[in-house]
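# Residue-level structure breakdown
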Amino acid sequence: MGLNVTILGCSGTYAAPGGACSGYLVANDATQVWVDAGPGTLANLQLHTSLDDLTGIVISHVHPDHWLELPVLYNALKWFRPRPVLPVYTTREVAAALRGFHPEDLDVVFDLNVVDRTSRITIGDIDVRFSRTDHPVETLAMRFDHGEASLVYSSETGPGWSLGDLGPHIDLALCEATMLHAERPDDLPHLSALQAGLDAKECGVGRLVVTHYSPDGDPADYEAEAQAAFGRPVHIAAPHERYDV
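A few points on the structure. Bear in mind the structure is a predicted one, so any value in this text is a computation, not a measurement.

## Digging into the sheet that holds strand β3 (residues 32–37)
- Spatially, seven strands are ordered β6-β5-β4-β3-β2-β1-β14 in an open sheet, and the strand pairing comes out mixed. Of all strands in the sheet, those bounded by a partner on one side alone are β6 (110–114) and β14 (242–244). Geometrically, the sheet is characterised by an average inter-axis angle of 20° between neighbouring strands, direction not taken into account.
- In the packing of helix α2 (residues 70–80) onto the sheet, contacts are made with β3, β4 (56–58), β5 (86–90) and β6, and the angle to β6 comes to roughly 150°.
- Against the sheet, helix α3 (residues 92–101) contacts β5 and β6, and its axis sits at roughly 145° relative to β6.

Right, here's the structure in full:
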């Protein structure tokens, strides 16, 4: 089996009613990686896997809608669901912020590893590499490879970064589209749905899933805009949807 990704949350900035912020479960038969841990995603994660079965966690950047379940997960694992130390890979800023919550005994629960745009790691049997995006804080897009299957997650970025920075032959791209293009200020460090679709088309992406869209927006509008630019059907992320790669 190649890879699959389950959407745990897809709202940008704050959660839509009944939704959750950014979070994804990238997995195959042997490995389960929690990618970004925005508010609301811990509850949704447990509908798809056990905390005991997580192989590792990767966090893209320090903005709170992408990582604030980690202090809550710490409490769960330390006091209620003890398990072997769980590897966490993230930026220096997230590592420092997390240690601010639990400065004394964080290492009892998490094996905290700082990564950057040059890092190449393997979690279970999934290879992961990173690229720094066009965003005000250090933000890492990620590519997951297993066998011939490849998945890229953009995290947050402006148009100064491209999915292609993580290499060719992307089977599935999970790409942010924070706003519709007509609503996007020129200096916003995020992509519109149109920009996400154009970049995916230019990079020869096999399938595009649009995520991190406005909790106040109509998902159908984001789908239509991205699809017109991509030139093929586009998926709109929704909690609990799963995509096989």
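Having seen the structure, we can now continue with the description.
## Quick look at the pattern of salt bridges
- For the structure on display, the rule yields five salt bridges.
- The partner of Arg 81 in a salt bridge is Asp 52, with the nearest N and O atoms 3.5 Å apart. Taken together, the residues span a long stretch of sequence, with Arg 81 in the loop between α2 and β5 and Asp 52 in the loop between α1 (41–45) and β4 at a distance of 29 residues.
- A relative accessible area of 30% means that Arg 81 is categorised as partly exposed.
- Overall, Asp 52 belongs to the partly exposed group, its relative accessible area being 43%.
- One salt bridge in this structure joins Asp 145 and Arg 143, with 3.0 Å as the shortest N-O distance. For the pair Asp 145 and Arg 143, a shared accessibility class is recorded, and that class is buried.

## Points about the sheet that holds strand β10 (residues 149–153)
- Sheet architecture is open: seven strands sit in the order β7-β8-β9-β10-β11-β12-β13, paired in mixed fashion. Strands at the two margins of the open sheet, each flanked by one partner only, are β7 (120–123) and β13 (235–236).
- Sheet topology places strand β8 (residues 126–132) next to strand β9 (residues 140–146); six bridges connect them, and they run antiparallel. Following the sheet pairing, Asp 127 is matched in β9 by Asp 145.

## Here's the deal with the pairing of β7
- Only one face of β7 is buried: it carries Ile 121 and Ile 123, and the other face, with Arg 120 and Thr 122, is open.
- Counting the residues that bridge the hairpin from β7 to β8 gives two residues, and of these Gly 124 lies at a positive phi of roughly 60°.

## A few points about the packing of helix α4 (residues 193–202) against helix α5 (residues 219–230)
- α5 packs onto α4 with a crossing angle of 30° between their chain directions and a minimal axis gap of 7 Å. Relative to α5, the element α4 lies roughly parallel. For the crossing formed where α4 meets α5, the hand is right-handed. Between α4, through Ala 193, Leu 194, Gly 197, Leu 198, Ala 200 and Lys 201, and α5, the contact on the second element is made entirely by Tyr 222, Glu 225, Ala 226, Ala 229 and Phe 230.
- By residue class, the composition of the contact of α4 with α5 is eight nonpolar, one polar and two charged.

## Some details on the side chain of Thr 178
- When you line up the elements, Thr 178 lands in the loop between β11 (172–176) and α4.
- A distance of 3.0 Å separates the side chain of Thr 178 from the side chain of His 212, its partner in a polar contact.
- In this view, Thr 178 contacts His 190, Leu 191, His 212, Tyr 213, Ser 214 and Tyr 222; residues no more than four positions away in its chain are not counted.

## Things to note about the environment of Ala 196
- Tracing the backbone shows Ala 196 in helix α4.
- Each C-alpha atom, one on Ala 196 and one on Met 142, is 16 Å from the other, the two residues being 54 residues apart in sequence.
- With residues up to four places along the chain from it excluded, the contact list for Ala 196 reads Cys 175, Glu 176, Ala 177, Leu 191 and Leu 208.

## Overview of the environment of Asn 44
- With respect to the element layout, Asn 44 can be found in helix α1.
- Among the residues examined, Asn 44 registers a relative accessible area of 12% and is labelled buried.
- Taking the C-alpha atoms as reference points, Asn 44 and Ala 20, separated by 24 residues in sequence, lie 8.3 Å from one another.
- Among all residues touching Asn 44, those that are not within four sequence positions of it are Leu 8, Ala 20, Pro 239 and His 240.
- Here Leu 8 takes part through its backbone oxygen, which lies 2.7 Å from a polar atom of the side chain of Asn 44.

## Some words on the nonpolar core
- Phe 144 and Leu 163 are the most contacted members of the largest nonpolar core, which totals 50 residues.
- What Phe 144 contacts, discounting residues up to four positions off in sequence, is Leu 3, Val 26, Val 33, Val 35, Ile 126, Asp 127, Val 128, Ala 149, Ser 150 and Leu 151.
- Leu 45, Leu 73, Leu 77 and Leu 106 belong to the second largest nonpolar core, which has 26 residues in total.

Parameters at a glance
- Residues numbered from 1 in each chain as written.
- Predicted model: local features only at pLDDT ≥ 70, side-chain atom pairs only at ≥ 80, totals over all residues.
- Heavy atoms only, no water.
- Pairing = 2+ DSSP bridges.
- Helix = DSSP H or I, 4+ residues; strand = E, 2+ residues; numbered from the N terminus.
- Axes fitted to C-alpha atoms, helices over the stretch in contact; angles between N-to-C directions.
- Contact = heavy atoms within 4.5 Å.
- Salt bridge = Lys/Arg side-chain N within 4 Å of Asp/Glu carboxyl O.
- Buried < 20%, exposed > 50% of the residue type's maximum accessible area, 1.4 Å probe, protein only.
- Parallel < 35°, antiparallel > 145°, perpendicular 65-115°, else oblique.
- Left-handed = near helix turned anticlockwise from the far one by under 90°.
- Nonpolar A, V, L, I, M, F, W, Y, C, P; charged D, E, K, R; others polar.
- Polar contact = N/O pair within 3.5 Å; in protein donor to acceptor, adjacent residues only side chain to side chain.
- Core = buried A, V, L, I, M, F, W, Y, C linked by side-chain atoms within 4.5 Å.

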